[in-house]
Structures are given as C-alpha cells and as structure tokens.
Amino acid sequence: MRIGVADTTFARVNMGKFAIDELKKHGSVVIERYTVPGVKDLPVACKKLFEEYKCDICMALGMPGGKEKDRMCAHEASTGLIQCQLMTNRHIIEVFVHEDEAADDSELAWLAEQRAREHAVNVIKLMRPGTLEREAGSGQRQGFSDAGAARQ
Ligand SMILES: Cc1nc2c(=O)[nH]c(=O)nc-2n(C[C@H](O)[C@H](O)[C@H](O)CO)c1C
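None of these values were measured; they are calculated from a predicted model. (Residues numbered from 1 in each chain as written. Predicted model: local features only at pLDDT ≥ 70, side-chain atom pairs only at ≥ 80, totals over all residues. Heavy atoms only, no water.)

**Let's talk about the pattern of salt bridges**
Turning to step 1, where the next piece is worked out: Using the criterion set out here, one finds 15 salt bridges in the structure.
Turning to step 2, where the next piece is worked out: Residues arginine 12 and aspartate 105 are paired through a salt bridge, measuring 2.9 Å at the closest nitrogen-oxygen approach. Taken together, the residues arginine 12 in the loop between β1 (2-8) and α1 (15-25) and aspartate 105 in helix α4 (residues 105-126) connect sequence positions 93 residues apart.
Turning to step 3, where the next piece is worked out: Residue class for arginine 12 comes out partly exposed when judged on its relative accessible area of 48%.
Turning to step 4, where the next piece is worked out: Where arginine 71 meets aspartate 100, a salt bridge forms, and the shortest distance between an N and an O atom there is 3.3 Å. Here arginine 71 is found in helix α3 (residues 68-88), whereas its partner aspartate 100 is found in the loop between β4 (92-96) and α4, with 29 residues between them in sequence. (Salt bridge = Lys/Arg side-chain N within 4 Å of Asp/Glu carboxyl O. Helix = DSSP H or I, 4+ residues; strand = E, 2+ residues; numbered from the N terminus. Buried < 20%, exposed > 50% of the residue type's maximum accessible area, 1.4 Å probe, protein only.)

**Describing the packing of aromatic side chains**
Turning to step 1, where the next piece is worked out: Scanning all chains against the criterion turns up two aromatic pairs.
Turning to step 2, where the next piece is worked out: Between tyrosine 34 and tyrosine 53, the aromatic rings sit 6.2 Å apart at their centres with planes inclined by 75°, giving edge-to-face as the arrangement. Taken together, the residues span a long stretch of sequence, with tyrosine 34 in strand β2 (residues 30-36) and tyrosine 53 in the loop between α2 (42-51) and β3 (57-62) at a distance of 19 residues.
Turning to step 3, where the next piece is worked out: Assessed through its relative accessible area of 32%, tyrosine 53 is described here as partly exposed.
Turning to step 4, where the next piece is worked out: Note on tryptophan 110 and phenylalanine 144: the rings are 5.8 Å apart at their centroids and 40° apart in plane angle, and the pair reads as tilted. With tryptophan 110 in helix α4 and phenylalanine 144 in the segment after α4, the pair connects residues that are 34 residues apart, well separated along the chain.
Turning to step 5, where the next piece is worked out: Judged by its relative accessible area of 41%, tryptophan 110 falls in the partly exposed class. (Phe/Tyr/Trp six-rings, centres within 6.5 Å; stacked < 30°, edge-to-face > 60°.)

Bear in mind that shape data such as this cannot, by itself, settle questions of function.
Given below as structure tokens:
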C-alpha cells in the first residue's frame, strides 16, 4: 500500500512526522511525503501524490489559525480536498487542527500529535475493507475523548 502524506510548513506542529511514525507501526506501507506552505496547497499536493507518486490513499494535515479568515481558508482547502477525492476516486483523510481548539501551546502540540496519529490509524483501517464497519455509530473522535454512542 502506498500512502501519501501531505502537510504544511504553516502548521506549528510537525504533524506529518507523527502521522508517518504511526503509519509505520501498522504494517508494511510505502510512504510518500509532500510538504507545502499552507492548507490551500494541500489539494494539488494530494492530486500529485495520487497521479505522479501512485498513492492509494492520502492524509492531508494542516493547522489553520483561529481567526475568521483562517476558518474561511480552511473551508476552501477542504472543498479542494473533496474535489480532489471526486476527481481521483481516492480517499483523502483530512487532518486539520484549528489553533483555537487548544487552550495553550502545550495542548495544541498534544492535540495535533494525537489527531495525526488517530487519523493515521483510520487510514490503515479504511484500507482494510470491513474494519471500520465494526466501529460504525460509536462516536469516535480524534484527539479529544470519543463522544461514544448515544443511548436511547
Ligand atoms: C477540524 C476538526 N477535526 C476534527 C477531527 O478530525 N476529529 C475530531 O474528533 N474532532 C475534530 N474537530 C473538533 C470537533 O469538531 C469537535 O469540536 C470536538 O470533537 C468536540 O466534540 C475539528 C474542529
């Protein structure tokens, strides 16, 4: 399996490094890393990872800032990532951490590492058909605690 890892220099945590470290723990994978300046550069990075680097699935890791204009940029980047998935018929697992999700730098560093690692595990599971089905409806979250299934 070839996994593309696209990440950014804008992020304040080396999210790609943690994703790659986690992916390597879960079986034999070939990893192609492509680092770009910011989140809006991630869609084309993923497209190139699919078309030129022959990846089967990609992770797109980014850390938008906490202001309204950053939220807009993140939304635009997400739209590009969705478009890329539809163009290539391949999954891109978006791993964004908004800077204002964390109370301080140390929580931000923890959250970014944890979310990158947990989504890396999702990538491995997604590539093994039937695996995620076992977790359907279980309220999984990445980073902070799982929400859990709703009780009736
Ligand atoms: C961008 C983003 N991504 C994720 C994610 O990949 N996984 C996750 O569990 N939570 C994410 N969040 C935060 C959620 O929107 C929500 O605020 C928290 O999970 C708290 O319920 C956000 C804001």
